[in-house]
Amino acid sequence: MKLRQVQLEYPLDGVDQVGEEARLVLGLANTGTTADTLTEVSGPDFADATVPGGGDLALTVEANDNLYVGAEGMPVIVLEDLQTELRSSESIPVTFTFAEAGEVTIDAMVAAEGQDPVPTYDFPDPAEDPSPEDG
């Protein structure tokens with residue numbers, strides 16, 4: 001499992017204050033031969049990670065496929081109750097736990113100032129993803 005372009009969305013007012021939430025944007029690339037599931041997102045600088053609307057955080061990435069978290073029409077992960085103030089280009093450690101691949105910790109950087117806050121990712125359109133279909 002590979003994590004690509006892990007970042008926090010640029011805050012509209014330029015700073016994420018303590019107690020606020022931050023939207024996480026990333027690509028998950030499963031280069032393996034079996035599906036894997038993201039089961040938890042954790043870190044010392046936020047209280048919880050949730051999917052807005054009460055969705056399940058368990059996100060499955062099929063074998064030899066990609067999942068673009070935060071892209072239009074794709075799942076969204078929000079880091080809630082930030083424990084530290086964050087500005088553009090600052091980062092916090094975020095640990096991703098997968099059912100098969102285990103844990104990996106990445107520094108998630110706040111998107112650069114001046115970027116359009118919606119969307120801050122530059123992933124390809126999921127409808128144009130060249131990954132093979134199931135099977």
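For the structure, see preceding data.
Residues numbered from 1 in each chain as written. Predicted model: local features only at pLDDT ≥ 70, side-chain atom pairs only at ≥ 80, totals over all residues. Heavy atoms only, no water.

Q: Pulling in residues and values, what's your account of the overall build of the protein?
A: Within the protein, the regular secondary structure consists of 0 helices and 11 strands. Shown N-terminal to C-terminal, the secondary structure of the protein runs as helices and strands in the order β-β-β-β-β-β-β-β-β-β-β. Classification of the 135 residues of the protein by burial places 42% in the buried group. Residue pairs at least 24 apart in sequence account for 71% of intrachain contacts in the protein once pairs closer than 6 positions are excluded. (Helix = DSSP H or I, 4+ residues; strand = E, 2+ residues; numbered from the N terminus. Buried < 20%, exposed > 50% of the residue type's maximum accessible area, 1.4 Å probe, protein only. Contact = heavy atoms within 4.5 Å.)

Q: Give me the pairing of strand 8 (residues 77-82): which residues, what numbers.
A: The two faces of the sheet receive side chains in turn, since in a regular strand these alternate between them. Here 3 bridges tie strand 3 (residues 22-30) to strand 8, and the two strands are oriented antiparallel to one another. Of the residues in strand 8, the one forming a bridge with Arg23 is Val78. Note that strand 5 (residues 46-50) and strand 8 share 4 bridges and pair antiparallel. Its bridge partner being in strand 8, Asp48 is matched across the sheet by Glu80. (Pairing = 2+ DSSP bridges.)

Q: With reference to specific residues and values, describe the environment of Thr105.
A: The residue Thr105 is located in strand 11 (residues 102-110) in this model. Between the alpha carbons of Thr105 and Val41 there is a distance of 9.5 Å; along the sequence they are 64 residues apart. Once you skip the residues sitting within four places of it in the chain, Thr105 turns out to touch Pro93, Val94 and Thr95. At 2.7 Å, the side chain of Thr105 forms a polar contact with the side chain of Thr95. (Polar contact = N/O pair within 3.5 Å; in protein donor to acceptor, adjacent residues only side chain to side chain.)

Q: Explain the environment of Met109 residue by residue, including any values.
A: You can see Met109 is positioned in strand 11. Spatially, the C-alpha atoms of Met109 and Leu8 are 5.9 Å apart, while their sequence positions differ by 101 residues.

Q: Please set out the pattern of salt bridges residue by residue, giving values where relevant.
A: The final tally for this structure, using the stated rule, is 2 salt bridges. Residue Arg23 pairs with Glu9 through a salt bridge whose shortest N-O separation is 3.2 Å. Of the two residues, Arg23 sits in strand 3 while Glu9 sits in the loop between strand 1 (2-8) and strand 2 (15-16), which places them 14 residues apart along the sequence. (Salt bridge = Lys/Arg side-chain N within 4 Å of Asp/Glu carboxyl O.)

Q: Could you give an account of unusual backbone geometry, with specific residues and numbers?
A: Positive phi, normally seen in glycine, also occurs at Asn64, with a value near 55°. Judged by its relative accessible area of 45%, Asn64 falls in the partly exposed class. In this model, Asp81 sits at a positive phi of 55°, which is unusual for a non-glycine residue. You can see Asp81 is positioned in strand 8.

Q: Pulling in residues and values, what's your account of the pairing of strand 10 (residues 91-98)?
A: Burial within strand 10 is extensive, with 6 of its 8 residues counted as buried. Direction of pairing for strand 10 relative to strand 11: antiparallel, over a ladder of 8 bridges. By the bridge assignment, Ser91 is partnered in strand 11 with Met109. What sits between the antiparallel neighbours strand 10 and strand 11 is a turn of 3 residues.

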